[in-house]
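# Close look at the chain arrangement
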Amino acid sequence: MSVAPPRAARPVRRRAAPDASTGAALAGVDPVLAALYAARGITDAAQLDYSLQQLAPVGTLSGLREAVELLLAHRQRRIVVIGDFDADGATSTALVLRCLRGFAFADVDYRVPNRFDYGYGLTPEIVRVAHASGPSLLLTVDNGISSIEGVAEAHRLGMAVLITDHHLPGRQVPDADAIVNPHVRASTGAAAAASFASPHLAGVGVAFYLMAALGRALQERGREDAAKVPARYLDLVALGTVADVVSLDHNNRILVAQGLARIRSGRSVPGIGALLRCAGRDPARAGSADLGFAAAPRLNAAGRLDDMAAGIECLLTDDPAEAARMAAELDGINSARREIEEGMRREAFAFVDAMSARALPDCVCVFEPSWHQGIVGLVAARVRERCHRPAIAFAREQPGVLKGSARSVPGVHIRDLLEAVSTAVPGLVAKFGGHAMAAGLSLAEERLEAFSRAVCEQLPRLYPKADFSGAIVTDGPLPAASLNLPFARALRAAGPWGAGFPEPLWSGDFELVEQRTVGESHLKLRVRPADGGPTLDAIAFHRAGTAWRGKLRLVFRLDVNEWRGTETPQLVVEQITAL
């Protein structure tokens, strides 16, 4: 799928230089890497230790004791896991099922709401569907913290409820039998203070902590090696954490690094390796970007267009051949998703391009009656990238009701913004939920214009200094002496990079040696540093069509390109401007 280039070059800013004393604390680390780490808040070499011993202690996450006791009370009865229809929810579901079965729980199954029939979360409708199979306990993963009515319905039907979630709670939390959420205090159900060292856990991270606590409890009760079971599935934790774009604080980096180590060593569940191979990625070389841009979209496609059960089953099978078959099906669904997204993206871009002639609003809301509700989140992300401000894309969920998916920019907490709108205009938003960078909502179609006005009124009130410049933040120039394969390999190993711990991005001036188009729309370059240095390959994805000459200023990442068994350094170009 081609992506239209920006209409104009984006401003470039250099990341704030670290304090000199911070760099000194990283003595022994390559100086360029040390500066990168320091600029990302690393103040001590211990923060680069990604061993499991450095994880935030399991016992410090509120609610785990009550949750473990609840699970043990239902060990010999039927438990149904209620998942979510994205990659975080799919990996959470697979993790919990694999662990509970590994712990010899008597009867464990799952249900994942079809977004088109039941919507998000533990709704009363999905509760009744689950109840038909006779469970005594419903266990939510990556959802449930806003499911007031669903929990009440489960209790009415005689089922206990254990909620594991990472989304922010509203003013009221459900009356569940136990809640594990880094943002909620188990004893009171109130919003939690920052007592847990890693409040940015993804849903799968919360599920992992619960399974780790359960494993320890079982081992104390005589089940040998039970505490080791959850660590076998850190590959699932890594995939869900990267896919949900949560901030990669030290704790999350440990989870991702440990999961990637399992994938590279061939110890992942077969489905993850199969998804990577379908995307042309080598599991033995997998990095966080491969999880985020290759495996996760194929997994997410099932929940967007069809039924996430297909993705969950791919992660549950232990048969490599079956995993390959399922991954191929998911790859086909993802191809269909790309085609639908392309058409919706073109329509959204035409809308915002016409809007920009009148000046863009602070929050861009787009809607087309024919749009697919499973794709609006991707369209919102594309509009945000094009307009450099929060964007909300809407589709018709049912006659008269719109479903919206919001994506934000740094500095604007989109869920808090939706709450401000809901408070300022009671009844305008039917329901909403999410976190800082992504959220979902529903509202009456006839109220869309009123909502668009209200969100643009509230945004500058809450965030008067919001930055809509779209500036690219770089780490400055990369010394020519580091433009080589050893340093490119060191950068790859220095991660995991991701949200909150951004992959290094550089800015520099180069002489163009040659250029050509590869694939359908990619620009292949040969360049050399303007001040002298080696000639290097560079690739600018979806940037073919412009004839460049002479000196260029490139914003780029340094990567390792592997072709027919040979590795070379390569610049992955984010922006090109002529000098």
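Residues numbered from 1 in each chain as written. Predicted model: local features only at pLDDT ≥ 70, side-chain atom pairs only at ≥ 80, totals over all residues. Heavy atoms only, no water.

### Some points on the overall build of the protein chain
Counting its secondary structure elements, the protein chain contains 17 helices and 17 strands. Since a compact globule built from 579 residues should have a radius of gyration of about 25 Å, the 24 Å found for the protein chain is in line with a globular shape. Structurally, the protein chain occupies a C-alpha span of about 75 × 60 × 50 Å along its principal axes. Looking at the protein chain as a whole, 53% of its 579 residues are labelled buried. Here the protein chain displays about 23900 Å² of accessible surface, and carbon together with sulfur accounts for 50% of that area. In the protein chain, the 63 positive side-chain charges and the 63 negative ones have mean positions that sit 3 Å from each other. (Helix = DSSP H or I, 4+ residues; strand = E, 2+ residues; numbered from the N terminus. Rg over C-alpha atoms; globule rule 2.2 N^0.38 Å. Buried < 20%, exposed > 50% of the residue type's maximum accessible area, 1.4 Å probe, protein only. Areas by Shrake-Rupley, 256 points an atom, 1.4 Å probe, with all protein chains shown as cover. Lys, Arg positive; Asp, Glu negative; His and termini not counted. Charge placed at Lys NZ, Arg CZ, Asp CG, Glu CD.)

### Overview of the sheet that holds strand β3 (residues 107-111)
Taken in spatial order, the five strands of this open sheet run β3-β2-β4-β5-β6, and their pairing is parallel. Edge positions in the sheet fall to β3 and β6 (178-180), since each of these pairs with one other strand and no more. In this sheet, adjacent strand axes meet at a mean angle of 20 degrees when their direction is disregarded. Alignment of strand β5 (residues 160-164) against β6, held across three bridges, turns out to be parallel. (Pairing = 2+ DSSP bridges. Axes fitted to C-alpha atoms, helices over the stretch in contact; angles between N-to-C directions.)

### Side note on the environment of Glu503
Looking at the secondary structure, you find Glu503 in the loop between α17 (485-493) and β13 (506-518). Accessibility expressed as a relative area gives 30% for Glu503, which makes it partly exposed. In this structure, the C-alpha to C-alpha distance between Glu503 and Thr60, residues 443 residues apart in sequence, is 30 Å. Aside from chain neighbours lying at most four places away, what touches Glu503 is Arg40, Trp497 and Arg557. Among the polar contacts made by the side chain of Glu503, one reaches the side chain of Arg557 at a distance of 3.5 Å. (Contact = heavy atoms within 4.5 Å. Polar contact = N/O pair within 3.5 Å; in protein donor to acceptor, adjacent residues only side chain to side chain.)

### Focus on the packing of aromatic side chains
Applying the stated rule across the entire model yields seven aromatic pairs. An aromatic cluster of three or more residues is present, and its members are Tyr37, Trp497 and Phe501. Above the plane of the ring of Phe501 lies Arg253, whose end atom (NZ or CZ) is 4.0 Å from the centre. Over the ring of Phe349 we find Arg386; its NZ or CZ atom is 4.4 Å from the centre of that ring. (Phe/Tyr/Trp six-rings, centres within 6.5 Å; stacked < 30°, edge-to-face > 60°. Lys NZ or Arg CZ within 6 Å of the ring centre and 35° of its normal.)

### Considerations on helix α16 (residues 448-462)
Taking 1.5 Å of rise per residue, the 15 residues of α16 would be expected to cover 21 Å, and the 21 Å separating its terminal C-alpha atoms lies within 8% of that figure. Where the residues of α16 are buried, they touch β7 (364-367), β8 (391-398), β9 (401-407), α15 (414-424) and β11 (438-444). (Expected span 1.5 Å × (residues − 1).)

### Details of the pattern of salt bridges
Under the criterion given, the structure shown has 33 salt bridges. Among the ionic pairs, Arg98 bridges to Asp318, the shortest N-O distance being 3.0 Å. Placement of Arg98 in helix α4 (residues 87-102) and of Asp318 in the loop between α12 (309-316) and α13 (320-356) is noted, with a sequence separation of 220 residues between them. Looking at Asp318, the relative accessible area reads 55%, which means it is exposed. With its nearest N and O atoms 3.0 Å apart, the salt bridge here joins Arg345 to Glu342. Note that Arg345 and Glu342 are positioned in helix α13 at a spacing of three residues, about one turn of the helix. Comparing Arg345 with Glu342 shows no difference in burial state: the two are buried. In the salt-bridge network here, residues are joined through shared partners; they are Arg78, Asp107, Asp109 and Arg111. (Salt bridge = Lys/Arg side-chain N within 4 Å of Asp/Glu carboxyl O.)

### Notes on the sheet that holds β11
Reading across from one edge, β7-β8-β9-β11-β10 is the order of the five strands in this open sheet, with mixed pairing throughout. Only two strands of the sheet have a single neighbouring strand rather than two, namely β7 and β10 (431-434). Shown here is a sheet whose adjacent strand axes are inclined to one another by a mean of 20 degrees, direction ignored. Bridging between β8 and β9 involves seven bridges; their strand directions are antiparallel. Directly across from Gln398, in β9, lies its bridge partner Val401. Along the sheet face, helix α14 (residues 376-387) touches β7, β8 and β9 and points at about 160 degrees away from the line of β8.

### Let's talk about the packing of helix α8 (residues 234-243) against helix α9 (residues 250-264)
Look at α8 against α9: their axes get within 7 Å of each other, and the N-to-C directions meet at 125 degrees. The pairing of α8 with α9 is recorded here as oblique in orientation. Crossing geometry of α8 relative to α9 is assigned as left-handed. For the pair α8 and α9, contact is made by Leu234, Asp235, Val237, Ala238, Thr241 and Val242 and by Asn252, Leu255, Val256, Gln258, Gly259, Leu260, Arg262 and Ile263, respectively. Counted by class, the contact of α8 with α9 contains eight nonpolar, four polar and two charged residues. (Parallel < 35°, antiparallel > 145°, perpendicular 65-115°, else oblique. Left-handed = near helix turned anticlockwise from the far one by under 90°. Nonpolar A, V, L, I, M, F, W, Y, C, P; charged D, E, K, R; others polar.)

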